Amino acid sequence: MPTLKEQLKQRLRDNDPAYRYNKSIFNLVSDLIALSDGERIIDANSRFTSFFARAGEDVFAPDFVLSRHFEPIDKYGYVYEGYEGKRWFEHVLSNRKEHYRVGIVAEDKLHSFNIALAALEPVEGIYVITMTDITEMIGYKNSLEEGLRNSVEDKREAEFLLRQYDYAMNVSNLVSRSDPDGNFTYVNDAFCAALGYERGELIGENALVLCPPDVPDSRKKGSCCDTWRVTSSFCR
C-alpha cells in the first residue's frame with residue numbers, strides 16, 4: 001500500500017479540482033515555493049521551476065537534489081549542505097537566527113535568497129520551502145558599502161595630502177601667526193630655525209623681541225614693530 005507521502009505526491013500531480021484551485025494560487029506569488037523532503041522536489045510553483053530551468057535543471061528529475069545547488073558562502077545567515085556538520089534544513093528549522101539565506105548560481109550569476117521552511121501538516125518529513133529573491137537588495141547594499149569604503153579612503157587620502165602639504169610648508173616657508181597686539185600665537189620650525197629661537201621662547205611673546213637689542217625703544221614701536229605688523233598680516 002502506498003505511503004502517505006506517496007499518496008500526497010500522487011494527489012498533487014492528479015487533476016483533483018481542489019488541488020487545481022490551490023495550485024493556481026500557488027503560481028501567482030512571486031516567491032519560489034516548493035514542497036520537499038529537504039532534497040527531492042514533490043511539487044513547485046512556476047517561479048521555482050522556471051528559475052532552475054534557467055540553470056538547466058528539471059526540478060522533478062529523479063537525480064535533482066536541491067542542496068547541491070547551494071553555494072558554500074561564508075557569510076552570516078547563509079546555509080548549505082554540511083554547514084557546521086548538519087543538514088541545511090536543520091539549521092533553518094532551528095530558527096536560531098533572524099534569517100537564513102542560500103546562494104544559487106544561475107546563468108553565471110549568483111542569486112541570493114532568504115529561505116524559510118514550514119512543516120506540511122499532517123505529513124511528517126514534508127516541508128513547504130519559500131525562497132525570496134534578495135539579489136538586487138544585496139547588490140544595492142554592497143554598492144552602498146563600497147561607496148562608504150571609497151569615501152573613507154578618499155578622506156584618508158585627502159588627510160594624507162594635507163599633512164604632506166603642511167609638512168612642505170613647514171620646512172620651506174617662514175610661517176607665523178599673531179594676535180592683534182602682535183603677540184605670537186604660532187611659529188613654524190623654519191621660522192624658529194631662521195631666527196635662532198625655540199618655539200617656546202616666542203609663543204606668547206610680542207614681535208618686538210625680534211628687534212635688535214641696539215635699537216632704541218622709541219624706534220622699536222615706530223619702525224620695527226610697524227614693519228613686523230605689516231609683514232605678519234600676510235601670515236595670519
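Residues numbered from 1 in each chain as written. Predicted model: local features only at pLDDT ≥ 70, side-chain atom pairs only at ≥ 80, totals over all residues. Heavy atoms only, no water.

**Q** Teacher, can you tell me more about the sheet that holds strand 4 (residues 109-119) here?
**A** Working definition: the strands of a sheet are paired by backbone hydrogen bonds and lie parallel or antiparallel to each other. Ordered in space as 2-1-5-4-3, the five strands form an open sheet in which the pairing is antiparallel. Strands at the two margins of the open sheet, each flanked by one partner only, are strand 2 (41-44) and strand 3 (101-106). With direction set aside, neighbouring strand axes in the sheet form an average angle of 35°. In this sheet, strand 2 lies alongside strand 1 (residues 32-36) in antiparallel orientation, the contact comprising three bridges. In the sheet register, A34 faces strand 2, and the bridge partner there is A44. Across the sheet, helix 3 (residues 46-54) lies against strand 1, strand 2, strand 3, strand 4 and strand 5 (127-133), angled at about 95° from strand 1, the strand it touches most. (Pairing = 2+ DSSP bridges. Helix = DSSP H or I, 4+ residues; strand = E, 2+ residues; numbered from the N terminus. Axes fitted to C-alpha atoms, helices over the stretch in contact; angles between N-to-C directions. Contact = heavy atoms within 4.5 Å.)

**Q** What am I meant to see in the packing of aromatic side chains here?
**A** Any pair of aromatic rings gets described here by the distance separating the centres and the angle formed by the planes. Evaluation of the coordinates by the stated rule reveals nine aromatic pairs. Relative to F113, the ring of F51 lies with its centre 5.2 Å away and its plane at 85°, an arrangement referred to as edge-to-face. Remark: F113 occurs in strand 4 and F51 occurs in helix 3; sequence separation between them is 62 residues. Of the two residues, F51 and F113, both sit in the buried class. Ring-pair connections join several aromatic residues into one group, and the members of that group are F48, F51, F52, F64 and F113. (Phe/Tyr/Trp six-rings, centres within 6.5 Å; stacked < 30°, edge-to-face > 60°. Buried < 20%, exposed > 50% of the residue type's maximum accessible area, 1.4 Å probe, protein only.)

**Q** Explain the environment of L93 here, please?
**A** In this fold, L93 is placed in helix 4 (residues 88-94). Overall, L93 belongs to the partly exposed group, its relative accessible area being 35%. Leave out the neighbours within four places in its chain, and L93 touches L117 and Y127.

**Q** Looking at this structure, I do not really get the pattern of salt bridges. What am I missing?
**A** When the charged atoms of two side chains with opposite charge come close together, those side chains can pair. Considering all chains together, one arrives at five salt bridges under this definition. Residue E81 pairs with R87 through a salt bridge whose shortest N-O separation is 2.3 Å. With a relative accessible area of 32%, E81 lands in the partly exposed category. Relative accessible area serves as the criterion here: at 30%, R87 is assigned to the partly exposed category. E84 serves as the salt-bridge partner of R96, at 3.8 Å between the closest nitrogen and oxygen. Of this pair, R96 sits in the loop between helix 4 and strand 3 while E84 is found in the loop between helix 3 and helix 4, placing the two residues twelve residues apart along the sequence. For the residue pair R96 and E84, the accessibility class agrees, reading exposed in each case. Here the salt bridges do not stand alone but share partners, grouping E39, E81 and R87 into one network. (Salt bridge = Lys/Arg side-chain N within 4 Å of Asp/Glu carboxyl O.)

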